[in-house]
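Structural features, examined
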Amino acid sequence: QVQLVESGGGLMPAGGSLRLTCAFSGRSFTSYTLAWFRQTPGKEREFVAYILSDLMTNVADVVKGRFTIARDNARNTGYLQMISLLPEDTAVYYCAAAPSSITSTRPGTYENWGQGTQVTVSS
């Protein structure tokens, strides 16, 4: 059984920064790929980034250079560091986990999800 809990969202002005945290509980944290997705009303859930068990990463072009994904295996925790926030970054951000063999950017591939944390960026 895997459980994920996101935290760290909030309201920021454009240009600000936030760090989102994904707390993982369950077995074999280091064997899982961790991913971040975001979603706004009426839109498809959008891939943001993933990080593999060996720390290789993939970051979506729309946030590349501004967002960084990381994990701390000793703490069973994932992170999404966001800088230079833009109003279009406003969304609910979700943490997801999948077996480390999965490198998908498609949300349907992931079976384990947190409940999300709201990020709102004002213009």
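Residues numbered from 1 in each chain as written. Predicted model: local features only at pLDDT ≥ 70, side-chain atom pairs only at ≥ 80, totals over all residues. Heavy atoms only, no water.

1. Considerations on the state of the cysteines
Structurally, a disulfide amounts to a covalent bond that connects the sulfur atoms of two cysteines. For clarity, the cut-off: In plain terms, two cysteine sulfur atoms within 2.5 Å form what is called a disulfide here. Numbering goes from the N terminus for both helices and strands, where a helix is a DSSP run of H or I of at least four residues and a strand is a run of E of at least two. Burial here depends on accessible area, computed with a 1.4 Å probe over protein chains only, as a share of the maximum for the residue type. Under 20% is buried, over 50% is exposed, and the range in between is partly exposed.
Applying the stated criterion to the full structure yields one disulfide. A sulfur-sulfur separation of 2.0 Å characterises the disulfide bridge that pairs Cys22 with Cys95. Taking the sign of the S-S torsion, -80 degrees for the link of Cys22 and Cys95, the bridge is left-handed. Taken together, the residues Cys22 in strand S3 (residues 18–25) and Cys95 in strand S9 (residues 91–99) connect sequence positions 73 residues apart. According to the relative accessible area criterion, Cys22 is buried, its value standing at 1%.

2. Examining the packing of aromatic side chains
Note the threshold: A pair of Phe, Tyr and Trp rings is counted when the ring centres sit within 6.5 Å of each other, with Trp represented by its six-membered ring. The angle between the planes then sorts it: under 30 degrees is stacked, over 60 is edge-to-face, the rest tilted.
Scanning all chains against the criterion turns up eight aromatic pairs. Measuring from centroid to centroid gives 5.4 Å for Phe37 and Tyr110, while their planes differ by 70 degrees, and the two rings are edge-to-face. One end of the pair, Phe37, is in strand S4 (residues 32–39); the other, Tyr110, is in the loop between S9 and strand S10 (112–113), with 73 residues separating them in the sequence. Considered together, Phe37 and Tyr110 belong to a single accessibility category, that of buried residues. An angle of 55 degrees between the planes, with centres 5.7 Å apart, marks the rings of Phe47 and Tyr50 as tilted.

3. Points about the pattern of salt bridges
Any two side chains of opposite charge can pair, on the condition that their charged atoms come close. This is how the line gets drawn: For this analysis, a salt bridge means a side-chain nitrogen from Lys or Arg found within 4 Å of a carboxyl oxygen belonging to Asp or Glu.
Counted under the stated rule, the structure contains five salt bridges. With its nearest N and O atoms 2.8 Å apart, the salt bridge here joins Glu46 to Arg38. By relative accessible area, which is 30% here, Glu46 ends up partly exposed. Overall, the relative accessible area of 7% leaves Arg38 in the buried class. A salt bridge links Asp61 to Lys64, with the nearest nitrogen and oxygen atoms 3.2 Å apart. Here the two residues Asp61 and Lys64 agree in accessibility, since each one is exposed. Ionic contacts of the salt-bridge type, sharing partners, join the residues Arg38, Glu46, Arg66 and Asp89 into one network.

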